[in-house]
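# Report on the structure
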Amino acid sequence: MKTWNGIVIVVLFAVISLSSIEATQPPQEPQPALEAMHPAHRALYFAVRRGTEWLIQAQQPNGLFHQGYQVAFNTPLEPAHYYHQAEAVVALAKVSRLTANPRYHACSQRAMLTLLASTKVDPQDGKIRYTAFPESIVNRLGSAGLLMRAVHEMPVPVEVRLKEADGLAQFVKTMQSTSGLLDQAGSGVVQASASKLPENTMRLHEALALEGLAISMNYSPAPWKAEVLQKAVKAYEQERKQLPMTSFPHFMTCFAETYFRTKDQACAVAVFNMADALCNVQRQAEAGKIAWAGGFCLEGNGSMVSPGTGETARCVSALCDAYRVARQVGDQARIEKYRLAAAGGVQFIAAQQFTGSGVEHFAESYQTKVLGAFRSSPTEGVIRLQDTSECVLAMATYLSDVCGVSLSPVQAPPIKP
């Protein structure tokens, strides 16, 4: 345990020397009480700001984001998928809420409006809403979850956005079978394409949908949502050994949010079971692979696979939720276990960010395209939208939920939720 603490502090103090130079605040923008922060926390705060600034400069006139670059060749990647666009909105929305930064809020609003414009009302039931794209391109269940989360991570969503999010929630409700599982193949809307999806992909979409539904309780709580969620928790916990580990982080967030609102102990148990499984696949420091320490390998045995930055960040966010549940339950052993695991994950993803010293060898005009973004893994020089989005979200969540650091200006009112 002490070893992890030492590694985290050493890495973050190495970053802090760059932070004061690289992360200069834009003029007249709100900022927290930086002088009161621990130096390691201040370094992470600047890393969040760098990553968020990269997301903003990646935003295009239509509100959406470009996917990223093959850095070594200055080659743009293929356009970002709908899911990755939504992930970027989720990250920007939450950071705008935590930092009370109006510029971040405006960017997340613009992107969210573009994504919501691609949804439609079910012609058979005006209460139900889903994405208008063919199911073979955008899974309606997974996209509903991501859009719900984006709306409900906002500081104060407007009424029309909440109504649209509730339409997406109603869609998720129609997909629940009597067993409690979400049955994509049984829906008239998605039946034709769902049968062609791999089982692991279907489960991931179901996890995203339930995660979004749980977070939609932030501003639109309803008894029927709690019912759907509690029924799903029991069903998916029974199926846990058959679920792909890539879906665990999203299920954990869903179960944790459900626990906070219902105090159902079954939800806490489900969170702990999945969190313990994630901790078991976290890479420890080993000779020749020190840069992999703290990362998570969710597929295969991971012994020869470099940990992914995005999937590690998702695990960090979920472990922050597990940490909060453990604190409410009063499980001291798990509190410390999840805190250390999240800290190790943060150390790993912080090392993947392009900082000022990491872009000095690039042409000056190219540096701004790369600065603040996160590499997809320690062995690749590719920056992808989804990796930076997930890392920004994870670091901000870690600072807020585990370290207890306020990222909002001193004069800002308390931030919901």
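Residues numbered from 1 in each chain as written. Predicted model: local features only at pLDDT ≥ 70, side-chain atom pairs only at ≥ 80, totals over all residues. Heavy atoms only, no water.

### So, the overall build of the protein
Put simply, the rule reads: Only DSSP runs of H or I with at least four residues qualify as helices, and only runs of E with at least two residues qualify as strands; both kinds are numbered from the N terminus onward. Accessibility here uses a 1.4 Å probe with only protein chains present; expressed as a share of the type maximum, an area under 20% marks a residue as buried, one over 50% as exposed, and anything in between as partly exposed. To be clear on the numbers: accessible area is Shrake-Rupley with a 1.4 Å probe, and residue cover counts the displayed protein chains and nothing else.
When you go through the protein residue by residue, the secondary structure sums to 15 helices and six strands. Counting over 417 residues, the protein shows a buried share of 58%. When the accessible area of the protein is evaluated, it comes to approximately 16,800 Å², of which 55% is carbon and sulfur surface.

### Examining the nonpolar core
Nonpolar side chains tend toward joint burial in soluble globular proteins. Spelled out, the test is: Grouping buried Ala, Val, Leu, Ile, Met, Phe, Trp, Tyr and Cys residues that are joined through side-chain atoms within 4.5 Å yields what is termed a nonpolar core. Contacts are residue-level and defined by heavy atoms, with any inter-residue pair within 4.5 Å sufficient.
If you look at the biggest cluster of nonpolar residues, it comprises 128 residues, and the most contacted ones within it are Y236, F255, L319 and Y338. The dominant element in this core, judged by the number of residues it contributes, is helix α3 (residues 82–99), at 11 residues. L319 has contacts with M252, A275, C279, F296, Y338, A341 and A342, leaving out every residue within four places of it along the chain.

### Some thoughts on the side chain of Q59
Mapped onto the elements, Q59 comes out in the loop between α2 (39–57) and β1 (68–70). When its relative accessible area of 12% is taken as the criterion, Q59 is described as buried. If we ignore the near neighbours within four places in the chain, the residues touching Q59 are L64, F65, C107, R110 and A111.

### Comments concerning the pattern of salt bridges
For clarity, the cut-off: By definition here, a salt bridge exists when the distance from a side-chain nitrogen of Lys or Arg to a carboxyl oxygen of Asp or Glu is within 4 Å.
A complete count under the given rule lists 22 salt bridges for this structure. Between E211 and R149 there is a salt bridge, and its shortest N-O distance comes to 3.1 Å. Of this pair, E211 sits in helix α8 (residues 199–215) while R149 sits in helix α5 (residues 140–152), and the two are 62 residues apart along the sequence. Here E211 and R149 have matching classes, each one buried. K225 is the partner of D166 in a salt bridge, and the nearest nitrogen-oxygen pair spans 2.9 Å. Of this pair, D166 sits in helix α6 (residues 159–174) while K225 sits in helix α9 (residues 223–238); the two residues are 59 residues apart in sequence, bridging distant segments of the chain. Linked through salt bridges whose partners overlap, the residues forming this network are E257, R261, D321, R324 and D401.

### Side note on the confidence of the model for the protein
Note the following rule: Confidence per residue, as judged by the predictor, is encoded in pLDDT with a range of 0 to 100.
When pLDDT is averaged along the protein, the result is 89, and 88% of the positions lie at 70 or above. Counting contacts from residues 6–27, a segment whose pLDDT is below 50, to residues more than four positions away or on other chains yields 36 contacts.

### Overview of helix α11 (residues 265–280)
To keep things clear, this is the line we draw: Expected helix span is taken as 1.5 Å per residue step, with the number of steps being one fewer than the number of residues. In the analysis that follows, any N or O atom pair within 3.5 Å is treated as a polar contact, provided that within protein one partner can donate a hydrogen and the other can accept it, and provided that, for residues neighboring in sequence, both atoms belong to side chains.
The first and last C-alpha atoms of α11 sit 23 Å apart over 16 residues, in line with the 22 Å expected at 1.5 Å per residue. Among the residues of α11, those classed as buried are C267, A268, A270, V271, F272, M274, A275, D276, A277, L278 and C279. Of the surrounding elements, those touching the buried residues of α11 are α9, α10 (248–262), α12 (309–329) and α13 (332–350). Near the N-terminus of α11, the side chain that reaches the backbone nitrogen of A266, with its oxygen 2.9 Å away, is that of D264.

### Re the sheet that holds strand β2 (residues 75–76)
For the record, the criterion: If DSSP finds at least two bridges between two strands, the strands pair. Fitted lines through C-alpha atoms serve as axes, helices being fitted only where they are in contact, and the angles separating the N-to-C directions of these axes extend from 0 to 180 degrees.
Taken together, four strands build an open sheet; the order of strands is β2-β1-β6-β5 and the sheet is antiparallel. This sheet does not close on itself; its edge strands, each paired only once, are β2 and β5 (375–377). Contacting β5 and β6 (380–384), helix α15 (residues 385–402) crosses the sheet at an angle of about 75° to β6.

### Observations regarding the pairing of strand β3 (residues 119–122)
Along any regular strand, the residues point their side chains to alternate faces of the sheet. Where β3 lies against strand β4 (residues 125–131), four bridges are found, and the strand directions are antiparallel. Within β4, the residue paired with T119 across the bridge is T131. Counted along the chain from β3 to the antiparallel partner β4, the turn is two residues long.

### Considering the side chain of S247
When you line up the elements, S247 lands in the loop between α9 and α10. A residue is classified by how much of its surface remains accessible, and S247, at 0% relative accessible area, is buried. Separated by 2.7 Å, the side chain of S247 and the backbone oxygen of P244 make a polar contact. With residues near it in sequence (within four places) discarded, S247 still touches R203, L204 and A207.

### Topic: the packing of α2 against helix α4 (residues 102–116)
To keep things clear, this is the line we draw: Between 65 and 115 degrees an angle is taken as roughly perpendicular, under 35 as roughly parallel, over 145 as roughly antiparallel, and anywhere else as oblique. For a crossing to be left-handed, the near helix must be turned anticlockwise from the far one by less than a right angle; the clockwise case is right-handed. Each residue gets one of three labels, nonpolar for Ala, Val, Leu, Ile, Met, Phe, Trp, Tyr, Cys and Pro, charged for Asp, Glu, Lys and Arg, and polar for the others, Gly among them.
Packing of α2 against α4 brings their axes to within 11 Å, and their N-to-C directions diverge by 40°. Looking at the two axes, α2 sits oblique to α4. Where α2 crosses over α4, the handedness of that crossing is left-handed. Residues R49, T52, E53 and I56 of α2 touch α4, and the partners they reach there are R103, Y104 and C107. Within the contact of α2 with α4, the residues separate by chemical class into three nonpolar, one polar and three charged.

### Regarding the pairing of β6
As paired strands, β1 and β6 are joined by three bridges and run antiparallel to one another. Each residue of the ladder has a partner; that of Q70, found in β6, is V382. Summarising the sheet, β5 and β6 pair through two bridges and their orientation is antiparallel. Counted as the bridge partner of R375 is I383 from β6. The turn linking β5 back onto β6 is made up of two residues.

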